[in-house]
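Notes for the structure review
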Amino acid sequence: MTTIFGIPTALLFGQLLLGIINGAFYATLSLGLAVIFGMMNIANFAHGALYMMGAVGAWFLLNTLGIGYWPALLLCPLIVGIVGVIIERFILRRVSHIDHLYGMLLTFGLALIIQGMFRFWFGASGLPYAIPAELNGGMNLGFMFLPYYRAWVVIASIAVCFATWFVIEKTRLGAHLRAATENPNLVQAFGINVPLMIMLVYGGGAALAAFAGVLAAPILQVSPTMGADILIVIFAVVVIGGLGSIKGAIIAGFSAGILEGLTKAFYPEASTTVVFVLMALVLLVKPTGLFGAKTQSASTSVALPALARETPFTRWVLFGAMAIGLALAPVFVYPAFLMKAMTYGLFACAFNLMAGYGKLVSFGHAMFLGTAGYVTAYTAKTLGFSPELAILAGTGCATLLGLVSGWLCTRSSGVYFAMISLALAQTIYFVALQLPQTGGEDGITSVPRGALFGLFDLGNPTTLYIFVLAVFLGGFLFLSGLIRSPFGQVLKAIRDHEPRAQSLGFSTERYKLAAFVISATLSGLAGSTKVIVTQIASLTDVHWTMSGEVILMTFLGGVGTLYGPVLGAFIVVAMQNYLAAFGAWVTIIQGGVFVLGILAFRRGIVGELISWLSSRERKKTTAPSLVSGKAAQSA
């Protein structure tokens with residue numbers, strides 16, 4: 001048997017073929033994502049759901065209507081493309097005039113709704129889809145066996161990629177699209193219907209995702225979660241190639257697939273993380289990716305009004321009311337629910353420091369929560385650390401991780417920042433999945449609570465509750481003081497107008513990095529405390545969906561407000577606890593709440609309340625002046 005670098009030739013070429021096939025999927029999916037971002041400046045989180053719709057649609061056509069693979073290859077992209085057109089026209093267009101991050105968040109909510117609906121209808125388990133009869137079998141190349149269908153997948157993907165590149169780069173339509181990306185108002189002035197172009201571009205991107213889904217159906221198990229599984233890899237591929245770059249998406253897609261295949265041959269354990277390692281290396285050299293040149297466009301964020309009559313006394317009254325309410329709450333509410341909600345509330349407050357006051361929405365904050373949880377669980381259970389030392393170890397590791405990842409992430413902003421943080425977090429997820437110390441899919445269970453400082457037994461429910469309450473209130477007080485400190489004021493100035501802050505002599509990158517590290521530290525504190533409460537560290541806390549949940553908590557309660565994230569955390573945890581019996585409907589409801597919040601009350605519950613109170617204060621202050629003015633005129 002011939003070998004190359006000690007690897008059997010058949011195995012090496014087999015993995016290389018598998019890498020090329022995966023690269024074909026990556027390139028096709030990345031292409032649609034790049035097209036949508038290039039035109040709309042939106043990182044489309046619904047792309048994985050649209051990909052899944054293509055695969056499930058092909059299965060449905062075959063098993064219900066008897067329509068085979070070849071018609072489905074045309075029908076499914078057409079149907080999903082029409083769905084994409086409807087989504088853009090009636091949902092995404094409503095947030096096109098504000099910060100593009102809201103468009104990204106809106107697509108995240110839509111992805112939850114679509115995935116939940118298909119889980120409810122289709123079920124959670126994967127089902128097979130038959131390879132078309134014309135492509136059964138394969139050919140023996142001597143050094144390996146090449147299945148006909150997999151060869152077809154590669155050929156079809158290359159053809160679609162080339163056709164898309166040609167339309168965008170070499171045709172008049174593509175020229176109009178590129179011009180509309182750079183200056184839509186000018187293009188509109190020449191009589192070109194830019195909104196129609198944007199709508200068709202999103203529909204085209206959705207059709208490309210569905211086309212990839214149909215191609216994948218005979219190879220992969222068709223399931224409602226298949227889009228979520230591959231989406232994060234696709235985001236990493238798009239970041240490597242450069243957000244919005246068609247050429248970058250194609251080259252990075254095939255390169256990532258081939259690199260992944262070769263890694264499986266030489267070091268299989270690293271195959272799930274190699275794409276993210278490649279992304280980190282590329283970003284070290286070029287923060288915008290290999291072929292990325294698109295900068296974050298200026299946009300309008302949602303400004304939160306401040307209460308004119310807010311005084312130190314008012315602030316302490318609000319804090320005291322929250323502290324007393326939480327102290328008395330165990331009399332009426334199950335303490336386990338309250339402790340879980342408080343740890344998530346601290347996590348949401350830490351996230352809010354970045355999103356609300358630094359205008360940097362991280363889709364990877366779960367890596368700090370989960371990493372700290374694993375370190376705390378391992379040191380407490382395996383190394384025998386006391387609870388305070390275990391929590392300190394977990395929080396410290398989250399701080400170090402925040403310093404490293406923050407140095408890489410804060411070089412970018414807006415959607416770039418969100419995507420890079422997401423890809424880095426997924427690297428941590430795969431590391432946690434592979435390390436023997438983390439327990440793999442089982443996690444670390446039966447974590448001992450121990451005695452705090454050797455004096456206070458955390459096995460006692462009352463002592464544990466007091467400890468969690470003290471951690472939450474201490475973290476909240478720290479963040480409250482930090483936001484009102486000179487550091488917090490500079491952070492707000494950077495959020496509102498970074499060039500102006502730079503002109504005043506502030507090193508904005510250092511301030512953002514400091515905020516990132518502080519946010520990571522407090523997220524780690526929340527994760528460590530949560531492990532002591534639940535006595536388990538699992539992959540759930542480090543998965544990217546946890547980052548989505550903290551975003552939902554923060555924006556639902558009110559991003560950029562002090563008490564909004566806390567309220568949002570309690571609402572989301574309550575939904576998870578009391579709606580668990582509804583199964584897949586929980587995901588649909590969460591996605592619906594997310595979409596409704598972005599469309600109807602972007603300030604969040606607390607933000608809208610502040611806005612209402614502020615408007616009342618303005619009316620009260622203007623009414624006396626109007627009365628006095630009329631009296632002076634009559635005199």
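Residues numbered from 1 in each chain as written. Predicted model: local features only at pLDDT ≥ 70, side-chain atom pairs only at ≥ 80, totals over all residues. Heavy atoms only, no water.

What the protein chain contains, in helices and strands, is 24 helices and 8 strands. Relative to the compact-globule value of 26 Å for 635 residues, the protein chain shows a C-alpha radius of gyration of 26 Å, a close match. Considered along the principal axes of its C-alpha atoms, the protein chain spans approximately 90 × 75 × 50 Å. Put simply, the protein chain has 635 residues, and 53% of those count as buried. The contacts of the protein chain with a sequence gap of at least 6 include a subset with a gap of at least 24, amounting to 80%. Here the protein chain holds 33 positive side-chain charges and 20 negative ones, and the gap between their average locations is 11 Å. (Helix = DSSP H or I, 4+ residues; strand = E, 2+ residues; numbered from the N terminus. Rg over C-alpha atoms; globule rule 2.2 N^0.38 Å. Buried < 20%, exposed > 50% of the residue type's maximum accessible area, 1.4 Å probe, protein only. Contact = heavy atoms within 4.5 Å. Lys, Arg positive; Asp, Glu negative; His and termini not counted. Charge placed at Lys NZ, Arg CZ, Asp CG, Glu CD.)

Here threonine 164 is to be found in helix H5 (residues 148-170). In this structure, the C-alpha to C-alpha distance between threonine 164 and lysine 530, residues 366 residues apart in sequence, is 48 Å. The residues touching threonine 164, leaving out its near neighbours within four places in the chain, are Leu31, Val35 and Leu208. Within the local environment of threonine 164, its side chain forms a polar contact with the backbone oxygen of valine 160, the two atoms lying 2.9 Å apart. (Polar contact = N/O pair within 3.5 Å; in protein donor to acceptor, adjacent residues only side chain to side chain.)

This part takes up the packing of aromatic side chains. Counted by the stated rule, this structure contains 30 aromatic pairs. Ring centres of phenylalanine 45 and phenylalanine 108 lie 5.6 Å apart, and the angle between their planes is 90 degrees; this geometry places the pair in the edge-to-face category. Residue phenylalanine 45 is located in the loop between helix H1 (9-40) and helix H2 (47-64), and its partner phenylalanine 108 is located in helix H4 (residues 100-122); the two are separated by 63 residues in the primary sequence. Looking at phenylalanine 45, the relative accessible area reads 1%, which means it is buried. Centre to centre, the rings of phenylalanine 476 and tyrosine 563 are 4.9 Å apart; their planes meet at 45 degrees, and the pair counts as tilted. (Phe/Tyr/Trp six-rings, centres within 6.5 Å; stacked < 30°, edge-to-face > 60°.)

So, on to the environment of aspartate 229. By the secondary structure assignment, aspartate 229 is in helix H9 (residues 226-241). We classify aspartate 229 as exposed; its relative accessible area is 56%. Between the alpha carbons of aspartate 229 and glycine 373 there is a distance of 23 Å; along the sequence they are 144 residues apart.

Further remarks concern a nonpolar patch on the surface. Where nonpolar side chains cluster on the molecular surface, the patch consists of Leu75, Leu78, Ile79, Ile82, Ile86 and Phe90 and spans about 570 Å² of accessible area. Within the secondary structure, isoleucine 86 sits in helix H3 (residues 69-90). (Patch = residues over 30% accessible without salt bridge, like charges linked within 9 Å, V, L, I, M, F, W, Y side chains within 5 Å. Areas by Shrake-Rupley, 256 points an atom, 1.4 Å probe, with all protein chains shown as cover. Salt bridge = Lys/Arg side-chain N within 4 Å of Asp/Glu carboxyl O.)

Together, Arg616, Arg618, Lys619 and Lys620 line one region of the surface with positive charge. Note on placement: arginine 616 falls in helix H24 (residues 604-634). Classification of arginine 616 as partly exposed rests on a relative accessible area of 39%.

The predicted model of the protein chain has a mean per-residue pLDDT of 86, with 93% of residues at 70 or higher. Contacts of residues 295-308 to residues separated by more than four positions or lying in other chains number 37 contacts, the stretch itself having pLDDT below 50. (pLDDT = per-residue confidence, 0-100.)

Moving on: the packing of helix H13 (residues 335-355) against helix H20 (residues 508-534). At their nearest, the axes of H13 and H20 sit 8 Å apart, and the two run at 170 degrees to each other. By the angle class used here, H13 and H20 are roughly antiparallel. Two secondary-structure elements touch here, H13 through Met339, Thr343, Tyr344, Leu346, Phe347, Ala350, Phe351, Leu353 and Met354 and H20 through Lys512, Ala515, Phe516, Ile518, Ser519, Leu522, Ser523, Leu525, Ala526, Thr529, Lys530 and Val533. Here the contact of H13 with H20 is composed, by residue class, of 15 nonpolar, 4 polar and 2 charged. (Axes fitted to C-alpha atoms, helices over the stretch in contact; angles between N-to-C directions. Parallel < 35°, antiparallel > 145°, perpendicular 65-115°, else oblique. Nonpolar A, V, L, I, M, F, W, Y, C, P; charged D, E, K, R; others polar.)

The subject of this paragraph is the pattern of salt bridges. With the rule as written, the count across this model stands at 4 salt bridges. Ionic pairing is found between lysine 512 and glutamate 498, a salt bridge with its closest N-O pair at 3.3 Å. With lysine 512 in helix H20 and glutamate 498 in helix H19 (residues 498-503), the pair connects residues that are 14 residues apart, well separated along the chain. A residue is classified by how much of its surface remains accessible, and lysine 512, at 5% relative accessible area, is buried. Here aspartate 541 makes a salt bridge to lysine 530, at a shortest N to O gap of 3.0 Å. Remark: lysine 530 occurs in helix H20 and aspartate 541 occurs in the loop between strand S8 (536-537) and helix H21 (544-557); sequence separation between them is 11 residues. Neither aspartate 541 nor lysine 530 differs from the other in exposure class; each is buried.

Glancing now at helix H11 (residues 274-285). It helps to recall that an α-helix has 3.6 residues per turn; residues three or four apart then point in one direction. With 12 residues, H11 should reach 16 Å at 1.5 Å per residue; the first-to-last C-alpha distance of 17 Å fits that figure. Taken together, the buried positions of H11 are Val274, Val275, Phe276, Met279, Ala280, Val282 and Leu283. Looking at the buried residues of H11, the elements they touch are H9, helix H10 (246-266), helix H15 (387-409) and helix H16 (414-434). (Expected span 1.5 Å × (residues − 1).)

One non-glycine residue, serine 446, adopts positive backbone phi at about 55 degrees. For phenylalanine 453, which is not glycine, the phi torsion reads 55 degrees and is therefore positive. For phenylalanine 453, the position within the fold is in the loop between strand S6 (451-452) and strand S7 (456-457). Classification of phenylalanine 453 by relative accessible area gives exposed; the value is 56%.

Before going further, it helps to examine the side chain of histidine 47. The residue histidine 47 is located in helix H2 in this model. On the basis of relative accessible area, histidine 47 is assigned to the buried category, the value being 1%. Those residues in contact with histidine 47, other than ones at most four positions away along the chain, are Leu29, Gly32, Leu33, Ile36, Gly205, Ala209 and Leu231.

Phe45, Met104, Leu105, Met342, Phe363, Met419 and Ile551 are the most contacted members of the largest nonpolar core, which totals 206 residues. Ignoring any residue separated from it by four or fewer positions in sequence, one finds phenylalanine 45 in contact with Met104, Thr107, Phe108, Ala111, Leu231, Phe235, Phe363, Met419, Leu422 and Trp544. (Core = buried A, V, L, I, M, F, W, Y, C linked by side-chain atoms within 4.5 Å.)

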